[in-house]
Amino acid sequence: MTCITLYSIEARKMGERYNIHSQLEHLQSKYIGTGHADTTKYEWLTNQHRDSCCSYMGHPDLLSYFAIVENESKARVKFNLMEKMLQPCGPPPEKPED
């Protein structure tokens with residue numbers, strides 16, 4: 001391979017890398033649940049639990065399944081899921097002082 005070919009391959013890789021990073025930054029600014037470099041484990045888990053609860057409420061068949069398993073009405077199961085979304089992982093951990 002010539003030096004020009006190697007340079008063009010490396011330049012293309014760098015361009016793709018920049019493009020992927022800019023797309024990721026755009027998604028992270030647009031959607032809260034995608035996180036960012038400073039997202040803590042607690043925030044990430046909270047987003048995952050909230051997304052799961054929303055998905056359960058948005059799929060009526062799954063909601064019916066939960067109602068049957070828990071021997072509760074669908075409205076009660078939906079209410080419990082809504083309450084669970086307030087603090088799905090418990091209270092937030094203490095943040096260290098800077």
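Being a predicted model, the structure only gives us computed values, none of them experimental.

Cut-offs and rules
- Residues numbered from 1 in each chain as written.
- Predicted model: local features only at pLDDT ≥ 70, side-chain atom pairs only at ≥ 80, totals over all residues.
- Heavy atoms only, no water.
- Helix = DSSP H or I, 4+ residues; strand = E, 2+ residues; numbered from the N terminus.
- Buried < 20%, exposed > 50% of the residue type's maximum accessible area, 1.4 Å probe, protein only.
- Contact = heavy atoms within 4.5 Å.
- Areas by Shrake-Rupley, 256 points an atom, 1.4 Å probe, with all protein chains shown as cover.
- pLDDT = per-residue confidence, 0-100.
- Phe/Tyr/Trp six-rings, centres within 6.5 Å; stacked < 30°, edge-to-face > 60°.
- Core = buried A, V, L, I, M, F, W, Y, C linked by side-chain atoms within 4.5 Å.
- Axes fitted to C-alpha atoms, helices over the stretch in contact; angles between N-to-C directions.
- Parallel < 35°, antiparallel > 145°, perpendicular 65-115°, else oblique.
- Nonpolar A, V, L, I, M, F, W, Y, C, P; charged D, E, K, R; others polar.
- Disulfide = S-S within 2.5 Å.

A. Layout of the overall build of the protein chain. When helices and strands are counted, the protein chain shows four helices and zero strands. Walking the protein chain from its N terminus toward its C terminus, one meets helices and strands in the order α-α-α-α. Going through the 98 residues of the protein chain one by one, you find that 11% of them count as buried. A fraction of 50% describes how many contacts in the protein chain between residues 6 or more apart in sequence connect residues 24 or more apart. For the protein chain, the accessible area works out to roughly 8,500 Å², and carbon and sulfur atoms hold 59% of it.

B. Structural context of the confidence of the model for the protein chain. With 80% of its residues at a pLDDT of 70 or more, the protein chain has an overall mean of 82. At the low end of the mean pLDDT range in the protein chain sits helix 1 (residues 3–30), at 65; at the high end sits helix 3 (residues 60–70), at 97.

C. Representation of the packing of aromatic side chains. Applying the stated criterion across every chain yields a total of two aromatic pairs. Look at Tyr56 and Phe66: their rings are 5.0 Å apart centre to centre, the planes differ by 80 degrees, and that puts the pair in the edge-to-face class. Of this pair, Tyr56 sits in helix 2 (residues 41–58) while Phe66 is found in helix 3, placing the two residues ten residues apart along the sequence. For Tyr56, a relative accessible area of 29% translates into the label partly exposed. For Phe66, a relative accessible area of 21% puts it in the partly exposed group. Centre to centre, the rings of Tyr65 and Phe66 are 6.1 Å apart; their planes meet at 50 degrees, and the pair counts as tilted.

D. Structural context of the nonpolar core. Of all hydrophobic cores here, the largest spans seven residues; its members are Cys53, Met57, Leu63, Ala67, Val77, Leu81 and Met85. Counting only elements with at least two residues in this core, the list comes to helix 2, helix 3 and helix 4 (74–84).

E. Summary view of the packing of helix 3 against helix 4. Two elements in contact, helix 3 and helix 4, have axes separated by 9 Å at closest approach and are oriented at 100 degrees. With respect to helix 4, the axis of helix 3 lies roughly perpendicular. On the side of helix 3, the interface is formed by Leu63, Ser64, Phe66, Ala67 and Glu70, while helix 4 contributes Lys74, Val77, Lys78 and Leu81. Of the residues that constitute the contact of helix 3 with helix 4, the class distribution is five nonpolar, one polar and three charged.

F. Inspection of the state of the cysteines at higher detail. Per the stated rule, a full pass over the model turns up zero disulfides. You can see Cys53 has no disulfide; the closest cysteine sulfur is in Cys54, sitting 7.1 Å from it. Free of any disulfide, Cys89 has its nearest neighbouring cysteine sulfur in Cys53, separated by 9.5 Å.

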